[in-house]
Amino acid sequence: MRILVLGGDGFCGWPAALHLSQLGHDVGIVDNLSRRRIDEELGTDSLTPIRTPQERLAAWTEATGRTIDFHEVDLAEDYEEFVALLSQARPEVVIHFAEQRAAPYSMKSPSHKRYTIDNNVNATHNVLSAIVESDLDVHLVHLGTMGVYGYGTAGMRIPEGYLDVKVPGEDADGNATGELIDQTMLYPSNPGSIYHMTKVLDQHLFAFYAKNDKLRITDLHQGIIWGTHTEETQLDERLINRFDYDGDYGTVLNRFLMQAAVGYPLTVHGTGGQTRAFIHIQDMVRCIAIAVDNPPAGGDKVKIFNQMTETHRVRDLAELICEISGASLELVPNPRQESAENDLYASNRTFLDLGLEPTTLSSGLLQEVEETARRYADRADLTKIPATSLWTENQAVGAPTRIAESA
Ligand SMILES: O=c1ccn([C@@H]2O[C@H](COP(=O)(O)OP(=O)(O)O[C@H]3O[C@H](CS(=O)(=O)O)[C@@H](O)[C@H](O)[C@H]3O)[C@@H](O)[C@H]2O)c(=O)[nH]1
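Residues numbered from 1 in each chain as written. Predicted model: local features only at pLDDT ≥ 70, side-chain atom pairs only at ≥ 80, totals over all residues. Heavy atoms only, no water.

- Identification of the chain as UDP-sulfoquinovose synthase from Brevibacterium yomogidense is taken from an unreviewed UniProt entry.
- On record in UniProt, under Sequence similarities (unreviewed entry), the comment for the chain is "Belongs to the NAD(P)-dependent epimerase/dehydratase family." (UniProt positions renumbered as here; feature names shortened; annotations may be inferred.)

Right under this line is the structure:
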């Protein structure tokens, strides 16, 4: 299939583009390189030495004989250019990763909040509007987040996008009719950051375009990725994927593994009682390919999958890493506003039914990620590790509590 990968220079977009190309699809990447500019703004860099898009793509052709086109387009700003690209490339599938994806970055300051809303919501709406304007029959696959649901069980396993409810019937005067009416609604959203809020807003844009324009849309509610390599990024060192470890962009498990590798006490926020959904990066690319192969039949309803394979409590992950690596951990004051402790159960039935065999957490795989971090440890800037974006200005920032000494 002809596939455009929007945001194909990023942490998820790059390995997904390579995987789809390896499967024989005709892949083009669209990206405005904003993630690289944000590194410059923050004075950070990927732990792994990622190459320029041009070097990456030349290495891909050398390694596999396949080609991937690159188009530098800002989806939030360059609407006409994107419409023209759609007419020229005539994709059958568009995969939309092109959003600012870090919760802490989105909460840094009023300008970061405004940038995240403007960028993400405009990009998503421009993509939808451009698909309608192009008059192509495109399947849009979007990378959403488990964070749209909020984190908590609400007494049930979180379903895949929709909640079936029974509403007590009332007549026009408000008198109970005694009937129970079946309704299906989007699961009530409860975002924990401005970033997560943009994915909630995206959901409503998708619902509208599916209903109004009969667009075929799949929204993938993804958990926290861990790992950095996929089969394809390991074919040549120039294909290496990003590895973020800084306080804004580093996600929890990869941060802990990097911290263990460089001898920095693991930064557990609060009591570490937060339970989150996780997925290994290799499974992420498989899920994207499965979603591409299984489009919704047609209009009216967005197809929503929970793209996660397991849930873990942050404290348990930290303790496991201490056990296998000899690292120590610290309870640091939580810079975020989130429940100190939560349970989380979520359904991921759709991907399992479509054949996904989950790569779950194992000490071997954890050690492999830590090994990658150790290999590039000389590139680490330890001053960038603490998370400094506060959810509200008056949050207390106290001294961390050391829990265990390094072995
Ligand atoms: O050093 C750290 C970093 C994080 N945490 C805690 O770990 C949890 C997860 O934080 P995270 O930074 O790994 O994940 P999050 O901010 O939720 O965002 C990441 O994971 C989301 C999926 S989910 O969390 O919403 O399921 C994606 O949408 C985002 O793009 C991705 O950056 C939070 O409770 C956080 O307080 C720590 O205890 N210590």
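## Re the overall build of the chain
Turning to step 1, where the next piece is worked out: In terms of helices and strands, the chain carries 12 helices and 15 strands.
Turning to step 2, where the next piece is worked out: On C-alpha atoms alone, the chain measures out to a radius of gyration of 21 Å, which is about the 22 Å that the 2.2 N^0.38 rule sets for 407 residues.
Turning to step 3, where the next piece is worked out: Along the longest, intermediate and shortest principal axes, the C-alpha atoms of the chain span 65 × 60 × 40 Å.
Turning to step 4, where the next piece is worked out: In the chain, buried positions account for 56% of the 407 residues.
Turning to step 5, where the next piece is worked out: Partitioning the intrachain contacts of the chain with sequence separation of at least 6 by distance along the chain shows that 82% fall at a separation of at least 24.
Turning to step 6, where the next piece is worked out: Counting every atom, the chain has about 17,000 Å² of accessible surface; 48% of that belongs to carbon and sulfur.
Turning to step 7, where the next piece is worked out: A distance of 2 Å separates the average location of the 34 positive side-chain charges in the chain from that of its 59 negative side-chain charges. (Helix = DSSP H or I, 4+ residues; strand = E, 2+ residues; numbered from the N terminus. Rg over C-alpha atoms; globule rule 2.2 N^0.38 Å. Buried < 20%, exposed > 50% of the residue type's maximum accessible area, 1.4 Å probe, protein only. Contact = heavy atoms within 4.5 Å. Areas by Shrake-Rupley, 256 points an atom, 1.4 Å probe, with all protein chains shown as cover. Lys, Arg positive; Asp, Glu negative; His and termini not counted. Charge placed at Lys NZ, Arg CZ, Asp CG, Glu CD.)

## Topic: the pattern of salt bridges
Turning to step 1, where the next piece is worked out: By the definition in use, this model includes 26 salt bridges.
Turning to step 2, where the next piece is worked out: Close ionic contact of Lys 108 with Asp 248 constitutes a salt bridge, the shortest N to O distance being 2.8 Å. Of this pair, Lys 108 sits in the loop between α5 (103-106) and α6 (110-134) while Asp 248 sits in the loop between β9 (224-226) and α8 (252-262), and the two are 140 residues apart along the sequence.
Turning to step 3, where the next piece is worked out: Ionic pairing is found between Asp 244 and Arg 242, a salt bridge with its closest N-O pair at 2.8 Å. Here Asp 244 matches Arg 242 in class, with each residue buried.
Turning to step 4, where the next piece is worked out: Taken together, the shared-partner salt bridges in this structure form one network comprising Arg 35, Asp 39, Arg 101, Arg 242 and Asp 244. (Salt bridge = Lys/Arg side-chain N within 4 Å of Asp/Glu carboxyl O.)

## Section: the sheet that holds strand β11 (residues 275-280)
Turning to step 1, where the next piece is worked out: Spatially, three strands are ordered β9-β11-β13 in an open sheet, and the strand pairing comes out mixed. Looking along the sheet, the strands with just one partner apiece sit at the ends: β9 and β13 (310-313). The sheet shows a mean angle of 45 degrees between the axes of neighbouring strands, taken without regard to direction.
Turning to step 2, where the next piece is worked out: Here β11 pairs with β13 via four bridges, running antiparallel. (Pairing = 2+ DSSP bridges. Axes fitted to C-alpha atoms, helices over the stretch in contact; angles between N-to-C directions.)

## Some words on the site of the ligand
Turning to step 1, where the next piece is worked out: In the region of the ligand, 24 residues are neighbours, and Tyr 151, Tyr 195, Val 252, Thr 267 and Glu 338 sit closest.
Turning to step 2, where the next piece is worked out: Val 252 is positioned with one of its backbone polar atoms (N or O) 2.7 Å from an oxygen atom of the ligand.
Turning to step 3, where the next piece is worked out: The side chain of Arg 276 places a nitrogen or oxygen atom 3.3 Å from an oxygen atom of the ligand.
Turning to step 4, where the next piece is worked out: Compared with its free state, where it exposes 740 Å², the ligand has 95% of that area covered by protein. (Near = heavy atom within 4 Å. Polar contact = N/O pair within 3.5 Å; in protein donor to acceptor, adjacent residues only side chain to side chain.)

## Section: the side chain of Thr 44
Turning to step 1, where the next piece is worked out: Structurally, Thr 44 is set in the loop between α2 (34-42) and α3 (53-64).
Turning to step 2, where the next piece is worked out: Looking at Thr 44, the relative accessible area reads 12%, which means it is buried.
Turning to step 3, where the next piece is worked out: Polar contacts involving the side chain of Thr 44 include one to the side chain of Asp 39, which spans 2.8 Å.
Turning to step 4, where the next piece is worked out: If sequence neighbours within four positions are ignored, Thr 44 has contacts with Asp 39, Asp 246 and Lys 384.

## Let's talk about the environment of Thr 124
Turning to step 1, where the next piece is worked out: Its location among the elements puts Thr 124 in helix α6.
Turning to step 2, where the next piece is worked out: For the pair Thr 124 and Lys 199, spaced 75 residues apart in sequence, the C-alpha to C-alpha distance is 9.5 Å.
Turning to step 3, where the next piece is worked out: Other than its neighbours up to four places away in sequence, Thr 124 contacts His 96, Glu 99, Asp 202, Leu 205 and Phe 206.

## Observations regarding the packing of helix α1 (residues 13-22) against helix α9 (residues 281-293)
Turning to step 1, where the next piece is worked out: Axis separation between α1 and α9 bottoms out at 9 Å; the angle between their running directions is 55 degrees. Classed by the angle they form, the pair α1 and α9 counts as oblique. Along this stretch, α1 crosses α9, giving a crossing that reads as right-handed. Here α1 contributes Pro 15, Ala 16, His 19 and Leu 20 to the contact with α9, which in turn contributes Ile 281, Met 284, Val 285, Arg 286, Ile 288, Ala 289 and Val 292.
Turning to step 2, where the next piece is worked out: Counted by class, the contact of α1 with α9 contains nine nonpolar, one polar and one charged residues. (Parallel < 35°, antiparallel > 145°, perpendicular 65-115°, else oblique. Left-handed = near helix turned anticlockwise from the far one by under 90°. Nonpolar A, V, L, I, M, F, W, Y, C, P; charged D, E, K, R; others polar.)

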